[in-house]
Amino acid sequence: MNPVLSEIYSTVLGGAPYVIAAYALVFAILMVYVIMTTLKLKNTEKKLDALEEHVEELLAAKK
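Residues numbered from 1 in each chain as written. Predicted model: local features only at pLDDT ≥ 70, side-chain atom pairs only at ≥ 80, totals over all residues. Heavy atoms only, no water.

### Some points on the packing of helix α1 (residues 3-14) against helix α2 (residues 16-62)
One way to put it is that α1 packs onto α2 with a least axis distance of 5 Å and a crossing angle of 35 degrees. Along its contact with α1, which presents V12, L13 and G14, the element α2 presents A16, P17 and Y18. Split into classes, the residues belonging to the contact of α1 with α2 amount to five nonpolar, one polar and no charged. (Axes fitted to C-alpha atoms, helices over the stretch in contact; angles between N-to-C directions. Helix = DSSP H or I, 4+ residues; strand = E, 2+ residues; numbered from the N terminus. Contact = heavy atoms within 4.5 Å. Nonpolar A, V, L, I, M, F, W, Y, C, P; charged D, E, K, R; others polar.)

### Looking at a nonpolar patch on the surface
Together, M1, V4, L5, I8, Y9, V12 and L13 make up an exposed nonpolar region whose accessible area comes to about 740 Å². As for its position among the elements, L5 is in helix α1. On the basis of relative accessible area, L5 is assigned to the partly exposed category, the value being 37%. (Patch = residues over 30% accessible without salt bridge, like charges linked within 9 Å, V, L, I, M, F, W, Y side chains within 5 Å. Areas by Shrake-Rupley, 256 points an atom, 1.4 Å probe, with all protein chains shown as cover. Salt bridge = Lys/Arg side-chain N within 4 Å of Asp/Glu carboxyl O. Buried < 20%, exposed > 50% of the residue type's maximum accessible area, 1.4 Å probe, protein only.)

### What about the environment of K63?
By the secondary structure assignment, K63 is in the segment after α2. K63 sits in the exposed class, given a relative accessible area of 88%. As for K63 and E53, which are separated by ten residues in sequence, their C-alpha atoms are 16 Å apart.

Shown next, in the form of structure tokens:
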């Protein structure tokens, strides 16, 4: 193998575990964020549905 390429590969591959770990950490943080946002959205939708039902009941009782 070409000595220049060998030196380049050893430099690049030496830091590969850190790059992989960084990408894995960013991916994990992104997944946690998406899951938390989804759970909060579902909770908000439940509250909104309950509020809509309550408003409908109040309007029906008013008539």
